[in-house]
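Letter by letter, the chains look like this.
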Amino acid sequence: MFPRNRRDDFKIARERMVQHQIAGRGIRDARVLEAMRKVPRHFFIDEALWDQAYGDHPLPIGHGQTISQPYIVALMTQELNLKGHERVLEIGTGCGYQAAILAELAKAVFSVERIPALLSKARKTLDSLGYTNVFLKLDDGTWGWKEEAPFDAIIVTAASPSVPQPLLDQLADPGTMIIPVGDEFSQSLLKITKADGELHQQHHCGVRFVKLIGDHGWRD
Ligand code: SAH
């Protein structure tokens, strides 16, 4: 027997992650499952943590921030119901993993991050994996990305005390936004849809994210 190489081990770990943590918990969108199978999550985190890359939990990415648990990434992505033609806005690039998943499923991803070191690292990782449809910006994402609006889908990957008005304004009609709203300890994952000029809001589940810090989020 030849020993398996590490790349194969990660592939097997990803397959297990999809089966047990994602499909096993009810995520059914075949395109989402395929993206989760494909994107090498370990590349987005520190090499010292690679052994935990496909575990059922969030992981630190430096600067007090975290990459979400794989299931939460899959759940939020599935709720956006992406078909491939969409322009998506993400607030909170972090390590860029969620952006890569979105890039597999949509036409273009615009992602905003407020911490310069995280943004430049995410850019390097996404470039090295060949993602040419992800556009990054250093800014307070609670203002959205006005020049590129409107967006068919918006995903906020940090916890907000309320839904930032600029994001509602920049959501296309029809459009879907997914955002954790609540206090700093626990939030409700909200799905907001815009259709025929009207907004509808649906509560999904309880979650815990790091804070969205900015003019329309938490004060620094
Ligand atoms: N989607 C990320 C998870 C990031 S954690 C991933 O896949 O890794 C949340 C991120 O939101 C952190 O990187 C944090 O710095 C960022 N953030 C917090 N407030 C922000 C704001 N107002 N604008 C942009 N990014 C913000």
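Note: the structure precedes this text.
As the structure is a computational prediction, the values presented were derived from the model and not from experiment.

A.B. asks: What is the right way to read the environment of I61 from this model?
C.D. replies: In this fold, I61 is placed in strand β1 (residues 59-62). I61 sits 53 residues away from R114 along the chain, and the two C-alpha atoms are 14 Å apart.

A.B. asks: Would you mind going over the site of the ligand with me for this structure?
C.D. replies: Around the ligand, 27 residues are found, and the nearest of them are E90, E113, D140, G141 and I213. Residue G92 places a main-chain N or O atom 3.0 Å away from a nitrogen atom belonging to the ligand. In the environment of the ligand, a nitrogen atom lies 3.1 Å from a nitrogen or oxygen atom belonging to the side chain of T157. Here the ligand has 580 Å² of accessible area as a free molecule, and 99% of this is covered by the chains. Elements that contribute at least two residues to the shell around the ligand include exactly β2 (65-67), β3 (87-91), α4 (97-105) and β4 (108-113). By residue class, the composition of the shell around the ligand is eleven nonpolar, ten polar and six charged.

A.B. asks: Help me out: how do you make sense of the sheet that holds strand β6 (residues 151-156) in this one?
C.D. replies: Note on sheets: strands pair through backbone hydrogen bonds, and any given pair is parallel or antiparallel. The strand order β5-β4-β3-β6-β7-β8-β9 describes an open sheet built from seven strands, whose pairing is mixed. Among the strands making up the open sheet, the edge pair consists of β5 (134-138) and β9 (198-207). The mean inter-strand angle of the sheet, taken between neighbouring strand axes irrespective of direction, is 15°. Across eight bridges, strand β7 (residues 171-182) lies against strand β8 (residues 187-195) in antiparallel orientation. Among the inter-strand pairings, I178 is bridged to a residue of β8, identified as K191. With respect to the sheet, helix α5 (residues 116-128) is in contact with β4 and β5, its orientation differing from that of β5 by roughly 165°.

A.B. asks: For this particular structure, what's the right way to read unusual backbone geometry?
C.D. replies: With the exception of glycine, the majority of residues adopt a negative phi angle, and the majority of peptide bonds are in the trans configuration. Following A149, the chain continues into P150 via a peptide bond in cis, with omega recorded as 0°. Here P150 shows up in the loop between β5 and β6. For the bond from D173 to P174, the omega torsion is 5°, close enough to zero to count as cis. Checked against the element boundaries, P174 lands in strand β7. One non-glycine residue, N81, lies in the positive phi region at around 50°. Checked against the element boundaries, N81 lands in the loop between α3 (70-80) and β3.

How each quantity is defined
Residues numbered from 1 in each chain as written. Predicted model: local features only at pLDDT ≥ 70, side-chain atom pairs only at ≥ 80, totals over all residues. Heavy atoms only, no water. Helix = DSSP H or I, 4+ residues; strand = E, 2+ residues; numbered from the N terminus. Near = heavy atom within 4 Å. Polar contact = N/O pair within 3.5 Å; in protein donor to acceptor, adjacent residues only side chain to side chain. Areas by Shrake-Rupley, 256 points an atom, 1.4 Å probe, with all protein chains shown as cover. Nonpolar A, V, L, I, M, F, W, Y, C, P; charged D, E, K, R; others polar. Pairing = 2+ DSSP bridges. Axes fitted to C-alpha atoms, helices over the stretch in contact; angles between N-to-C directions. Contact = heavy atoms within 4.5 Å.

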